[in-house]
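# Working through the structure, step by step
Each chain, written out:
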Amino acid sequence: MQLPTFGEVFLTTDDVQGGLENLKLFKGKLISSLCGGCRKLFVIEEGIDNQGIISTLHSPEHDEYDQTFSQDSNNLQSFDFKGSIKTIVTGKKHTVFLTDQGDIYSYGYGEYGALGHGGIIELTIPKKIIRISKIDTIACGEYHTLALSNGDLFAWGRGFEGQLGIRKDVETAASPMFLSYFYKNRIKMIACGAYHSLAVDEQGILYGWGEARFGQLGTGRKVSEQLPSRIDFQIEQPMNQSALRVGKFQAQETNFKVVSISGGYGHSAAVTQSGELYTWGFNQRGQLGNGDKDKKSSYYPKRLMQDISGIQLPGFCKVMCGYYTTYAIDLKGGLWSWGGGNLGHQNDKLVDLPRKIVLEDRKFTNMYANGQAAAFFASLRTISMKPNHGPSTGGTIISLIGTGFCDTGRQSARFKLGDIQTEVGCEYDSLTDSFRCTTPNFEEFIDKYPVECVVEVTLDGNVYVECEQKFLIYSSKIVISSLYPKCASIQGGTTLIININIDDLTASYMKHLNVGFQPRNKKKEDKSAMKQSTNKPLNPLDLSINDPELDKENWMCVEGFYEKGKISCTIPNVSQLQTDSLNFNVDVSINGQQFTGNPMVFRFYDIQIKELQPDNVMSEGGASVKIIGDGFFDTTNKRVIFKTMFGERLIEIMWDKQDRFYSFVAPPLSWLLGGQQPTSELLNAVKASGVTALLTLSGIEWIPIGTFYYIDPEVLRLGPFNFDEKLPEEQKKQFIHQEEQEIDPLKDLQGADLQKKKDELQKLIETEEQEINYFFKKAGQYISVYGENLANTESLLVQFIFNGNMAVNQKAIFKNKSKLIVQIPELELPTGIHDVGIEITFNGTSFSHSGKVFKYMAFDKSLNEQQKLKLEDEEIKKLKKTQPKKK
């Protein structure tokens, strides 16, 4: 880490069985460095007055030579006024400090000159090494130290294995000595193993020197290298990894410039600029990660290709060696480990291929490992915002979601647009481990929308971390232009299309739309008050479609979906809503939280269909039909549709505002055949099944009205209807109104019997017709009407027609599909016999055109019964004279 930053520190030790522990202590702290060596681990924080705070992560027993740390605190003592500590490295028995000023201090035991203070054997408090200054980087082996100053490399301590690299004859150095091998070759990176050293020059070339018996120098089978030797990388397949078990190997451009190095007890590792990871050296516990089951040492660098699952490894940016473990950070911040020891995988301490440590959403940037433990640093991340867009008027409560958040009392969010910036305070939500803040009013300093702005989070008001998402500020002038449909059933369930004027950039952010429905008060509404109330902020993280927060101000919300200038949603069921109005406001919450404040009116309806009057017409149509019911109102999209087996027909309907019913003119039956030529077969098929009638008020939702019939009443003949006048009134009434079973008299007859029965029936018909044609009927008597496909409907009537255009309607009595009877009413006619026509209707409006008549005897109301009888006798005599003579 180049600069102090916020984040999380994780630790793997024996205490957590090789798992990974999140050290909550360091949340909200500015971490400068993870460091240590051998058996020690330190965390350095940015402290008060920039002095630095050091915390130890290792067990106290590893401080056997260390008097620098107090017993009741892990904070470093006796380092006051020496500057801010940048890093600490430790050998087996000595510790070296590097300050931000470039000074180095050491203490501990001075075996082999490890302290760098000449012949001093022991120091209990840090002492400055005065022979070198302006140090950039330091590294420690078990008994030797390297220091880098502006590209110049110095070494001191033990050098029996050649790890000092000063000269072949130098086996120890009690003070820092310059490595002349790198004269005119500037070094930019150093690392130490237990008894070997590594360095990278400005060209990215890697060098190694010191102990080599395990292959840790990568230069072949040697005991040691007394002077730096170049380590070369070869393009070759790594050991036991010639083929991936999963997926196909993806070749990539190779760049051998080294960007990260590290040394363990007997192995080394490096990462190149192209992200390739190489290991070499001792492999007894699988620390090379090459999957070699024999655990053989590797004397040259070998590239690692696949993980423990057989999948090709990603590119890497950093590597760190413990004594028998190796850790690496990939280019996306993922953490990997392998070898033998505490690896961050619970109870799994021996892994011979790289295995990823899965920690959700963490991006690791630094790590440090010693002989028994390792610490890892994941920088504070602000991954996303919910919502990540809001209106220019502000007031949006956003939740900032990330890692490493905590309550410092000084956390805030800064909104930046170029040179313009504004900052708001944040609240910490411990349940979701997130920050929550309310956006400011951007209209005070921004006048063009939409615009994306950068959001930064700080825990102390000084160090800011940029959110990985942008926040979109959209115009508060966005309005709904139209709704389709404008009404729907209270049961909901249909789709509402909302046209809205949204630009493409704002549209690209709309992932969590809400559409709100709010009952309108019958009193006139104040739009400005509505806008204020509907912009009340909600809890963005807890927000869901069913959240009670969305019921504020009586809003019912449903999820919306945007596509090409239109928002669609499913209209909610409001049947259980307690409201005195079915007129609603409809508004859109673009960010799932705040409405536009400019709603449109939407109407719910609760339609109850009672009846069609009439529910049948004749085939030629043209009759007016009423739809009677409750909850009716006028809309521009009101229609009726007739559906048959052959197709559909839309019918315009009219609204009677005064009596509140709909009406339409029934179309001819021939219009309902789907464009086919009318034939008796097709027409009869529709007549038999009826027509399904539906009503729409929205053009989308269809309400069943019922079955509508086309019936052509046809009168074949008239006949008498006789019964015993002496029957009791109750029996007489029952006889008259009781339906008659329709029986086929010719059924099962054949030959002479069939012909005989036909003759009998024909004679009976002729007798009845003669009675109708040559005798009269009087008011109160019953007459039979014979036809085909007669229907028993509520509006079954017989019309008596006289004097050319006068008519009286009488309720008919249905006997069966071939026969009706009707009681003859009193007709306003002069005394005498008159021809009266009979027609029938099933719907009360459309009558048959049969032309059938019977003779009606009318009496003047002044005549008494004796006079009537005398008149009847006279008329009978006259009628008999007109009868045809029997043959």
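An unreviewed UniProt entry lists the protein chain under the name IPT/TIG domain-containing protein, from Paramecium sonneborni.

Residue position: phenylalanine 42 is located in strand E4 (residues 40-45). You can call phenylalanine 42 buried: its relative accessible area is 1%. The spacing of phenylalanine 42 and isoleucine 88 is 46 residues in sequence and 7.4 Å in space, taken between C-alpha atoms.

This part takes up the sheet that holds strand E47 (residues 616-617). Taken in spatial order, the five strands of this open sheet run E47-E54-E53-E49-E50, and their pairing is mixed. With partners counted over all chains shown, the strands left at the sheet margins are E47 and strand E50 (647-652), one partner each. Relative to strand E53 (residues 691-696), strand E49 (residues 639-644) runs antiparallel, the two sharing five bridges. The residue bridging lysine 643 from the neighbouring strand is threonine 692, located in E53. Contacting E49, E53 and strand E54 (702-710), helix H3 (residues 680-689) crosses the sheet at an angle of about 120° to E54.

With five of its six residues buried, strand E55 (residues 715-720) lies for the most part within the structure. Sheet topology places E55 next to strand E57 (residues 782-787); five bridges connect them, and they run antiparallel. Along E57, the bridge assignment pairs arginine 717 with tyrosine 786.

This part is about the environment of threonine 219. Here threonine 219 is to be found in the loop between strand E16 (206-211) and strand E17 (224-231). C-alpha separation for the pair threonine 219 and isoleucine 446, spaced 227 residues apart in sequence, amounts to 63 Å. Beyond its immediate chain neighbours, meaning those up to four positions away, threonine 219 contacts Glu225, Ser229, Arg230, Ile231, Tyr299 and Tyr300.

Evaluated as defined, the whole model comprises 36 salt bridges. In this structure, lysine 27 engages glutamate 8 in a salt bridge whose closest nitrogen and oxygen atoms are separated by 4.0 Å. Within this pair, whereas lysine 27 is found in the loop between strand E2 (21-23) and strand E3 (31-37), its partner glutamate 8 is found in strand E1 (residues 7-12), the two being separated by 19 residues in sequence. We note a salt bridge from lysine 27 to aspartate 433, for which the minimum N-O separation is 3.5 Å. Remark: aspartate 433 occurs in the loop between strand E33 (427-429) and strand E34 (434-438) and lysine 27 occurs in the loop between E2 and E3; sequence separation between them is 406 residues. You can call lysine 27 buried: its relative accessible area is 13%. Among the residues examined, aspartate 433 registers a relative accessible area of 21% and is labelled partly exposed.

What follows concerns the confidence of the model for the protein chain. Low pLDDT means the predicted coordinates in that region are not meant to be read closely. Of all residues in the protein chain, 90% have pLDDT values of 70 or greater, and the mean over the chain is 88. Overall, residues 237-241 carries pLDDT values under 50, and its contacts beyond four positions in sequence, including any with other chains, amount to 16 contacts. Note that residues 524-552 has pLDDT below 50 and, in this model, 59 contacts with residues that lie over four places away or in other chains.

The rules behind each value
Residues numbered from 1 in each chain as written. Predicted model: local features only at pLDDT ≥ 70, side-chain atom pairs only at ≥ 80, totals over all residues. Heavy atoms only, no water. Helix = DSSP H or I, 4+ residues; strand = E, 2+ residues; numbered from the N terminus. Buried < 20%, exposed > 50% of the residue type's maximum accessible area, 1.4 Å probe, protein only. Pairing = 2+ DSSP bridges. Contact = heavy atoms within 4.5 Å. Axes fitted to C-alpha atoms, helices over the stretch in contact; angles between N-to-C directions. Salt bridge = Lys/Arg side-chain N within 4 Å of Asp/Glu carboxyl O. pLDDT = per-residue confidence, 0-100.

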